[in-house]
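# A structural walkthrough
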Amino acid sequence: ESGKKIGAGKMPALPGSKQNRKGESPKEKRSRQGAGAPGIEQGQFSGKAMGGRDVRAPYANESRNESRNESRNESRNESRNESRNVSRKESRNESRNKSRNESRKGLRNESRNESRKESRKESRKASRNESRNESRNESKNESKNESAYSIVESFAKSHHKSPKQASRGKKRKSMVDVDSDTIAEVLEMLEVEKEALSLEVDGHKISFSSLNKVLWPGLGRKYKPVTKRDYARYLCKVAPVLLAHLKNRPLTLIRYPNGVEGNRFFQKHWEHKVPEFVETITYFSEKENQDDEFLLCNNLPTLLWLAQIADLELHTVHTRIDPEPDAKDLPRTFTGSLENINKSLLNYPDYVVLDLDPYLYSGKEAANEEPELNKKGFKKVSELASMLKDILDSLGLKGFIKTSGKTGLHIYVPVVRNADNEELRAFAATLAKHCYEKNPKDVTIDWAVKKRTGKVFFDFNMNARGKTLASIYSPRNSILGTVSTPLNWDELGTVYPTDFTMDTVPDRLAEVGDLWEDILYEKNDLQKFIEQVRAQDPKKTKSRRAR
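Residues numbered from 1 in each chain as written. Predicted model: local features only at pLDDT ≥ 70, side-chain atom pairs only at ≥ 80, totals over all residues. Heavy atoms only, no water.

### As for helix α8 (residues 421-438)
In this model, α8 (18 residues) spans 26 Å end to end at C-alpha, consistent with the 26 Å of a helix rising 1.5 Å per residue. Of all 18 residues in α8, 13 are buried, a share of seventy percent or more. A distance of 3.2 Å separates the backbone nitrogen of glutamate 422 from a side-chain oxygen at the start of α8, and that oxygen is part of aspartate 420. (Helix = DSSP H or I, 4+ residues; strand = E, 2+ residues; numbered from the N terminus. Expected span 1.5 Å × (residues − 1). Buried < 20%, exposed > 50% of the residue type's maximum accessible area, 1.4 Å probe, protein only. Polar contact = N/O pair within 3.5 Å; in protein donor to acceptor, adjacent residues only side chain to side chain.)

### Structural notes on the pattern of salt bridges
One pass over the full model with this rule turns up 18 salt bridges. A salt bridge links aspartate 393 to lysine 389, with the nearest nitrogen and oxygen atoms 2.8 Å apart. On the criterion of helical spacing, the pair formed by aspartate 393 and lysine 389 is a turn pair, its members being four residues apart in helix α7 (residues 375-394). Sharing partners across several salt bridges, the network here consists of Arg249, Arg320, Asp322, Asp326, Asp350, Arg417 and Lys523. (Salt bridge = Lys/Arg side-chain N within 4 Å of Asp/Glu carboxyl O.)

### Observations regarding a negative patch on the surface
A cluster of acidic residues, Asp177, Asp179, Asp181, Glu185, Glu188 and Asp202, forms a negative patch at the surface. Looking at where glutamate 188 falls in the secondary structure, it is placed in helix α3 (residues 180-189). The class for glutamate 188 is exposed, based on a relative accessible area of 59%. (Patch = residues over 30% accessible without salt bridge, like charges linked within 9 Å, V, L, I, M, F, W, Y side chains within 5 Å. Areas by Shrake-Rupley, 256 points an atom, 1.4 Å probe, with all protein chains shown as cover. Lys, Arg positive; Asp, Glu negative; His and termini not counted. Charge placed at Lys NZ, Arg CZ, Asp CG, Glu CD.)

### Side note on empty space enclosed by the protein
All told, the structure shown has two cavities of 30 Å³ or more when counted by the stated rule. Roughly 80 Å³ of internal volume is contained in the largest cavity. Lining the largest cavity, in full, are Pro250, Tyr283, Val317, His318, Thr319, Leu346, Asn421, Ala464, Arg465, Gly466 and Lys467. Partitioning the lining of the largest cavity into residue classes produces five nonpolar, four polar and two charged. The space that makes up the second largest cavity amounts to roughly 50 Å³. Element by element, the count of residues in the lining of the second largest cavity is highest for helix α9 (residues 505-512), at four residues. Counted by class, the lining of the second largest cavity contains six nonpolar, two polar and one charged residues. (1 Å grid on protein atoms, 1.4 Å probe; cavity = no way out; pocket = protein on both sides within 12 Å on 5 of 7 lines; lining within 4 Å. Points joined across faces, edges and corners; volume = space filled by probe spheres on them. Nonpolar A, V, L, I, M, F, W, Y, C, P; charged D, E, K, R; others polar.)

### Topic: the sheet that holds strand β13 (residues 443-444)
Taken together, six strands build an open sheet; the order of strands is β13-β14-β10-β12-β11-β16 and the sheet is mixed. The sheet is open, and its two edges are formed by β13 and β16 (486-487), each paired on a single side. Note that strand β11 (residues 400-403) and β16 share two bridges and pair antiparallel. Within the sheet, the bridge partner assigned to isoleucine 401 lies in β16 and is leucine 487. (Pairing = 2+ DSSP bridges.)

### Quick word on the packing of aromatic side chains
Scanning all chains against the criterion turns up ten aromatic pairs. Both rings, one in tryptophan 270 and one in tryptophan 305, keep their centres 4.9 Å apart while their planes meet at 75°; by these two values the pair is edge-to-face. Of this pair, tryptophan 270 sits in the loop between β6 (265-267) and β7 (280-285) while tryptophan 305 sits in helix α5 (residues 300-308), and the two are 35 residues apart along the sequence. Taken individually, tryptophan 270 and tryptophan 305 each receive the classification buried, so the pair is uniform in this respect. Their ring planes at 75° and their centres at 6.0 Å tell us that phenylalanine 400 and tryptophan 516 sit as a pair that is edge-to-face. Remark: tryptophan 516 occurs in the loop between α9 and α10 (527-536) and phenylalanine 400 occurs in strand β11; sequence separation between them is 116 residues. Of the residues examined, tryptophan 516 reaches a relative accessible area of 3% and is grouped as buried. Counting every residue linked through ring pairs, the aromatic cluster contains Tyr351, Phe400, Tyr412 and Trp516. The ring centre of phenylalanine 457 lies 3.7 Å from the NZ or CZ of arginine 452, which sits over that ring. (Phe/Tyr/Trp six-rings, centres within 6.5 Å; stacked < 30°, edge-to-face > 60°. Lys NZ or Arg CZ within 6 Å of the ring centre and 35° of its normal.)

### Focus on the packing of α3 against helix α4 (residues 228-246)
α4 packs onto α3 with a crossing angle of 175° between their chain directions and a minimal axis gap of 10 Å. As far as their axial angle goes, α4 and α3 are roughly antiparallel. Facing Ile183, Val186 and Leu187 of α3, the residues of α4 in contact are Arg233, Cys236, Lys237 and Pro240. Across the contact of α3 with α4, the residue classes break down as five nonpolar, no polar and two charged. (Axes fitted to C-alpha atoms, helices over the stretch in contact; angles between N-to-C directions. Parallel < 35°, antiparallel > 145°, perpendicular 65-115°, else oblique. Contact = heavy atoms within 4.5 Å.)

### Some remarks on the packing of α7 against α8
Closest axis-to-axis distance for the α7/α8 pair is 11 Å, and the angle between their directions is 120°. In the packing of α7 onto α8, the handedness of the crossing is right-handed. Across from Leu384, Met387, Leu388, Ile391 and Leu392 in α7, the residues of α8 making contact are Leu431, His434 and Cys435. Looking at side-chain class alone, the contact of α7 with α8 contains seven nonpolar, one polar and no charged residues. (Left-handed = near helix turned anticlockwise from the far one by under 90°.)

### Focus on the environment of threonine 403
Here threonine 403 is to be found in strand β11. Spatially, the C-alpha atoms of threonine 403 and leucine 487 are 7.3 Å apart, while their sequence positions differ by 84 residues. The residues contacting threonine 403, other than those within four sequence positions of it, are Gly408, Leu409, Val483, Ser484, Thr485, Leu487 and Phe500.

Here it is as structure tokens:
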């Protein structure tokens, strides 16, 4: 309107600008303030201005960006811090664990090393001690064996006489009189095929039960099963000789209610009332420290009663309560005290017992099982028995031999009853050590079972009061029903334990008789020998009786 060009002068004032505020009306002022000009709060802003653009956008975006950046930064910082903390923690833990492990490992290694060192020291020490002990024992054994050897050799040279000259009597009749007609009657009654029978023997009633129960199972066709009936028959057939060796000797029962493959138990006393025909003896028991009653087997009814109660092995002591024929001066007071029993004839045996057990294994035995019967083992034990026979002959002593009924051999040297158990044990020990010295590769007297392997164990400790062995003609707990059987010395090397069973022994008796019939009348006087042993070692033997 003024004719001036736009831009030639000042730029016209915009509505709401400071240049145009002068002279504006209140309405315009209010309009300006409500138009959302800069400086107005965002919540009061409404509408669009400046060509339709949203005036809030730059501020909102900037706020969002700042918020996002701040959130991202915080998130990153937290993540980094967390990561650093985790890393530091892991690093610290790892360092600590490593340090602990190394420390523990060091301690363990140190402990192990110390333990190993200590173990080595103990092992070396034990080895040295064992070596020293073995050396000492060998030295002692050599010394003892030399002593035993010198005693036996010197005694043999100075007191030699033939075994026949050692005999102290003539053959005698059996000490037990068993009527042959009674035996025939009992055998006939046992033929009745009943499980239970009541027999009358010598005026006494004996009740049998389970007569067909198998007690020894046998093996194959050669070794038939043995029932209770068969066992009673066997005892009846051998009674005349068996009772002679059992008479007046305290008996130990070994009972097998279900046969030799079942459980067993030992019994020296009968807790119930004994049958009227069973004889007993009361004497002082060192183990119980009191007087006790012991069983004797002195007659046929008692022998048959033992069959009924399944006493399958007959074990007796080496002493008798009968003073005949050589102990009439010995006291017969058996009760009251240990002193009384030590002075009495029950402490003076009829024979020295030499028990030979082969420890040569067949290879079929279970772990910790005793060696089973095998030919190699029995050959070795027979060789040792032959050696002992030569030694006894050189000493002028007569010995009797029998199979044990299992794997070994028993040698009995009958003696005059003027030496007690302790003295006879010393005599047996001298013989054992002498045999060991002569043949240490095949003979042992060691109590450690593992050291017996491959050798024959010479057991001299059976010479003690109360010790028992299976009587001759007693069956053993072998499934074959083998019997402890007397032998002639010249049978060694030609016989085997399984040759003698309850089926074959009665026929052998009919053929060769009782080879031990005169054992109580073929006695050897060991006093000179015992005195020589005592002179060598006074502590070894000490007489319990003033002579």
